[in-house]
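Chain residues, written in single-letter form:
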Amino acid sequence: MSIRRRIILGIVLLLGAGFYVPISFVVDDIELRYRESTEEPLVDAARVLASLAAASADHDKLDIDLFRAGFAQVRTQVFSAQIFGLIKNKVDWHVYITDRTGIVVFDSDNGRDEGRDYSQWRDVHRTLRGDYGARTSPMENDSDRKMLYIAAPVLRDGNLIGVLSVGKPTYSADQFTQAAQNKFILGSTLVCLTLIAIGLLLSVWVTRPILCLTDYARAIRDGRRVNRPALGSSEMEELGIAFEQMRDALAGKRYVENYVQTLTHEIKSPLSAISGAVELLGEELSPAQTQTFLRNIRQESGRIGRIVDNLLLLSSLESRKYIDTQKPIVVQNLLDELEKTVMPLLTVKRLDLEILGNRNCMLQGEPNLIRMALLNVVQNAIDFSPENGTITLRAERLDDGVRFAVLDRGPGIPDYAFGRVFERFYSLKRPGDGRKSSGLGLSLVREITALHQGDIRLENRPEGGVSASLFFPASRA
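Some details on the overall build of the protein
Right, so step 1: Within the protein one finds 9 helices and 14 strands.
Right, so step 2: Going through the 477 residues of the protein one by one, you find that 36% of them count as buried.
Right, so step 3: Sequence separation of at least 24 residues holds for 65% of the intrachain contacts in the protein that already meet a minimum separation of 6.
Right, so step 4: When the accessible surface of the protein is summed, it comes to about 27900 Å², and 56% of that surface belongs to carbon and sulfur atoms.

Observations concerning the pattern of salt bridges
Right, so step 1: Across all of its chains, the model carries 12 salt bridges by this definition.
Right, so step 2: Glu-463 is the partner of Arg-461 in a salt bridge, and the nearest nitrogen-oxygen pair spans 2.5 Å.
Right, so step 3: Residue classification places Glu-463 among the exposed positions, given a relative accessible area of 57%.
Right, so step 4: What you see here is one network of salt bridges that share partners, running through Asp-109, Arg-112, Asp-113 and Arg-116.

Looking at the packing of helix 7 (residues 331–348) against helix 8 (residues 367–384)
Right, so step 1: Across the interface, helix 7 lies against helix 8 with an axial gap of 10 Å and an inter-helix angle of 35°. Classified by chirality, the crossing of helix 8 by helix 7 is right-handed. Contact residues: Leu-334, Glu-337, Leu-338, Thr-341, Val-342, Leu-345 and Leu-346 in helix 7; Ile-370, Arg-371, Leu-374, Leu-375, Val-378, Gln-379 and Ile-382 in helix 8.
Right, so step 2: Looking at the contact of helix 7 with helix 8 residue by residue, the classes come out as 10 nonpolar, 2 polar and 2 charged.

As for helix 9 (residues 441–451)
Right, so step 1: Taking burial as the measure, the 11 residues of helix 9 include 9 buried ones, the bulk of the element.
Right, so step 2: All of the buried residues in helix 9 are Gly-441, Leu-442, Ser-443, Leu-444, Val-445, Glu-447, Ile-448, Thr-449 and Leu-451.
Right, so step 3: Note on helix 9: the residue one or two positions beyond its end, Gln-453, has a positive phi of about 60°.

What to know about the confidence of the model for the protein
Right, so step 1: A residue-level look at the protein finds 75% of positions with pLDDT of 70 or above and a mean pLDDT of 79.
Right, so step 2: When mean pLDDT is compared element by element in the protein, helix 3 (residues 122–128) scores highest at 95, while helix 5 (residues 235–281) scores lowest at 64.

Examining the environment of Gly-410
Right, so step 1: Position of Gly-410 relative to the elements: it lies in the loop between strand 12 (401–407) and helix 9.
Right, so step 2: Here Gly-410 falls in the buried class, since its relative accessible area comes to 12%.
Right, so step 3: Considered as a pair, Gly-410 and Phe-384 are 26 residues apart in the sequence and their alpha carbons are 5.2 Å apart.

With respect to the packing of helix 8 against helix 9
Right, so step 1: Running from N to C, helix 8 and helix 9 point in directions that differ by 145°, and their axes come no closer than 9 Å. In this structure, helix 8 meets helix 9 at a crossing whose hand is left-handed. Contacts between helix 8 and helix 9 involve Leu-369, Ile-370, Met-372, Ala-373, Asn-376, Val-377 and Asn-380 on the former and, on the latter, Gly-441, Leu-442, Val-445 and Ile-448.

The rules behind the values
- Residues numbered from 1 in each chain as written.
- Predicted model: local features only at pLDDT ≥ 70, side-chain atom pairs only at ≥ 80, totals over all residues.
- Heavy atoms only, no water.
- Helix = DSSP H or I, 4+ residues; strand = E, 2+ residues; numbered from the N terminus.
- Buried < 20%, exposed > 50% of the residue type's maximum accessible area, 1.4 Å probe, protein only.
- Contact = heavy atoms within 4.5 Å.
- Areas by Shrake-Rupley, 256 points an atom, 1.4 Å probe, with all protein chains shown as cover.
- Salt bridge = Lys/Arg side-chain N within 4 Å of Asp/Glu carboxyl O.
- Axes fitted to C-alpha atoms, helices over the stretch in contact; angles between N-to-C directions.
- Left-handed = near helix turned anticlockwise from the far one by under 90°.
- Nonpolar A, V, L, I, M, F, W, Y, C, P; charged D, E, K, R; others polar.
- pLDDT = per-residue confidence, 0-100.

Rendered as structure tokens:
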């Protein structure tokens, strides 16, 4: 499991454990507190009404006419009370009075239960015993809703002459409870989601440097030229610097080993040819043979010199991480200089160089290096093009840079060679004489384009030949 997923999972588990228990506790507690807030004023109401009943009694006989008249008048009154989200337009109290034996003598619900024995009802029974009496019972017309009854003793001269109970439906409190619970749950959910979002951002903030370093390490493994990611001034930046130092140390060691091996291999062949020619020159030869061997010595010596020069240049390019001095380059001037340089080679093979596209655009970089990259690609096109042919050089302006395309009409690149054309010292035989180059030209081109944050692509054309595409960033001046 990735670090990011572990962080997110840990935050979710912590939030789940940290919020579920308090939420469930508070939600249950809200309902209890609303029930308490309903019961407490009913106690006062029951006590007050019981005192009124006692005051209106004739000795030990309860006078219920006062209560009948009062509730009859209340039922006829029209009112509307806006209590936050609840609209109240009727009195929903249910009041009944029993005598000292528990027989109902008054029922505010139109006398419905008058004459019934309530002595075993919890509120009446406990009050008759001198305890606090209360009960909660389902409503007769709606079993899902409940009525809360609070009873108070009716005392006359210190004697118990009856019990008065006040009942109130709990649905009003249930509405307030549900609204409060929903609001609390919604608020808690929003807090959780906010904390999860913060956790996601935190996980990205923590893991982004790790992912950048991982990509950097993979690029080093694959031998790609990449710059060390900017990681600020944290410990990750120090780790990135250590990665870079390790890469430079390993690359330097491997670089020396590869160069010694490849240089030894490539110089061995021309040195053998030179050595053989020198031995033969010690014998008696005809003037023509002597000139032939001297020409071979000059050619092989020149080949060794080109290999050494190109290796030195390639070595300096590979050790650089960026372009030191970038200058704006006018494509028109670059193409004119390139055309003058390759004109003798074109003349020898009777080739035409066709330059197309936008010459007025500009790019950014080191002029000598970009000129060298284009020159190597054009020279390859010249080497592989048949005589009396045409090479096309096209400059195309893009939104973010300039792309050069060099098109020849040669034999193309064999399938087996596509994966190796950019390797050092890998070269294909030239048509005609079958000779090979130093095999460093395309390696140089790749390093030059990479230094400029560009790229090079080689493709076989359907009509024959190769298309070499070089991209360089545009001028930022």
